[in-house]
Amino acid sequence: MINIVLFGKPGAGKGTQAEFLKEKYNLTHLSTGDIFRFNLKNDTELGKKARVFMDNGELVPCEVTTAMLIDEVNKHPDSAGFLFDGYPRTLDQAEALDKFLPTIGSSVTATIALEADDEILVARLLERGKTSGRPDDQDEEKIRVRYQEYNEKTAPLIGYYKEQNKFHAVNGIGTIEEITERLTSVIDNL
Ligand SMILES: Nc1ncnc2c1ncn2[C@@H]1O[C@H](COP(=O)(O)OP(=O)(O)O)[C@@H](O)[C@H]1O
């Protein structure tokens, strides 16, 4: 089983690249953002718990997110591996994942970060907000909150995975194909 954590700031292109990688490596793509948005749209209990945080650009509390993630993994017992997109996003979540995966006989294989400059990413998000319908992409204030959340809570994961020798980074600026190429060359060399 191979488990890849796709890592990067909001707008770095994780979702776009995940679409290619899941096909190529036959992985189950789990995007916590997409799962939350689905629950918001359907006004589920989970959606109700997440809404206020998401609307403000803040992270949803760890217990809620981790319980949801574990549920999703358990829905795919025959999966050849997972592509985690948007999870983990805090040290607590990374530790929770490292505790959970061994219970299904697995572990994180590698974390790959898509790197790009903040200013480029903010511009990309505002552009995406024009068509995506995502309220958190339409308001520069909320975008800034997401970057603050990233810098405070998510960036420390780089050190966490480096210590385990599981951190890889690729340049996230270029055409979609170029970036897919960079990612696949990391995965093929794992
Ligand atoms: N692992 C997570 N932990 C906490 N909240 C999360 C997590 N993943 C997604 N969310 C919530 O969903 C929102 C949207 O996530 P996502 O679609 O990954 O967007 P982006 O990477 O563009 O900020 C986040 O701002 C946050 O509120």
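Residues numbered from 1 in each chain as written. Predicted model: local features only at pLDDT ≥ 70, side-chain atom pairs only at ≥ 80, totals over all residues. Heavy atoms only, no water.

Asker: I tried to follow the site of the ligand on my own but got confused; where do I start?
Answerer: Taken together, the neighbourhood of the ligand is formed by 18 residues, with Thr32, Arg37, Glu58, Gly86 and Gln93 sitting nearest. At 3.5 Å, a side-chain N or O of Lys14 approaches an oxygen atom of the ligand. Contact distances for the ligand include 2.8 Å between a nitrogen atom and a side-chain N or O atom of Thr32. About the coverage of the ligand: the protein hides 97% of its 550 Å² of free accessible area. (Near = heavy atom within 4 Å. Polar contact = N/O pair within 3.5 Å; in protein donor to acceptor, adjacent residues only side chain to side chain. Areas by Shrake-Rupley, 256 points an atom, 1.4 Å probe, with all protein chains shown as cover.)

Asker: Looking at this structure, I do not really get the UniProt feature "binding site: ATP" (unreviewed entry) in the protein. What am I missing?
Answerer: UniProt feature "binding site: ATP" (unreviewed entry): in the numbering of this structure it lies at Gly11, Ala12, Gly13, Lys14, Gly15, Thr16, Arg128 and Gly174. Secondary-structure assignment places Gly11 in the loop between β1 (2-8) and α1 (14-25). Those residues in contact with Gly11, other than ones at most four positions away along the chain, are Leu121, Arg124, Leu125 and Arg128. Taking relative accessible area as the criterion, Arg128 reaches 33% and is therefore assigned partly exposed. When sequence neighbours within four positions are dropped, the list of residues in contact with Arg128 reads Gly11, Arg134, Asp137 and Arg146. (UniProt positions renumbered as here; feature names shortened; annotations may be inferred. Helix = DSSP H or I, 4+ residues; strand = E, 2+ residues; numbered from the N terminus. Contact = heavy atoms within 4.5 Å. Buried < 20%, exposed > 50% of the residue type's maximum accessible area, 1.4 Å probe, protein only.)

Asker: For this particular structure, what's the right way to read the UniProt feature "binding site: AMP" (unreviewed entry) in the protein?
Answerer: Per the UniProt record, the feature "binding site: AMP" (unreviewed entry) sits at Thr32, Arg37, Glu58, Leu59, Val60, Gly86, Tyr87, Pro88, Arg89, Gln93, Arg134 and Arg146. Judged by maximum C-alpha separation, these annotated positions cover 115 residues in sequence and are scattered in space, the widest gap reaching 24.4 Å. Within the fold, Arg37 resides in helix α2 (residues 32-41). Overall, Arg37 belongs to the partly exposed group, its relative accessible area being 26%. Side chain to side chain, Arg37 and Asp34 meet in a polar contact 2.8 Å long. Looking at the secondary structure, you find Arg89 in the loop between β3 (81-85) and α5 (91-100). In this view, Arg89 contacts Thr32, Leu59, Lys153, Thr154 and Leu157; residues no more than four positions away in its chain are not counted.

Asker: Please explain unusual backbone geometry as it appears in this structure.
Answerer: Most of the time, phi is negative for any residue but glycine, and the peptide bond is trans. Here the amide bond leading from Tyr87 into Pro88 is cis, since omega sits at -5°, within 30 degrees of zero. Relative to the helices and strands, Pro88 resides in the loop between β3 and α5. Positive phi, close to 55°, is recorded for Asn26, a residue that is not glycine. Take Asn26: it is sitting in the loop between α1 and β2 (28-31).

Asker: What is the right way to read the sheet that holds β1 from this model?
Answerer: Strands pair in a sheet through their backbones, by hydrogen bonds, and they do so in one of two ways: parallel or antiparallel. Spatially, β2-β3-β1-β4-β5 is the arrangement adopted by the 5 strands of the open sheet, whose pairing is parallel. Both outer strands of the open sheet, β2 and β5 (167-171), are each paired with one neighbouring strand and no more. Taking the axes of each pair of neighbouring strands and ignoring which way they run, one obtains an average angle of 20° across the sheet. Lying on the sheet, α2 is in contact with β2 and β3; it crosses β2 at an angle near 65°. (Pairing = 2+ DSSP bridges. Axes fitted to C-alpha atoms, helices over the stretch in contact; angles between N-to-C directions.)

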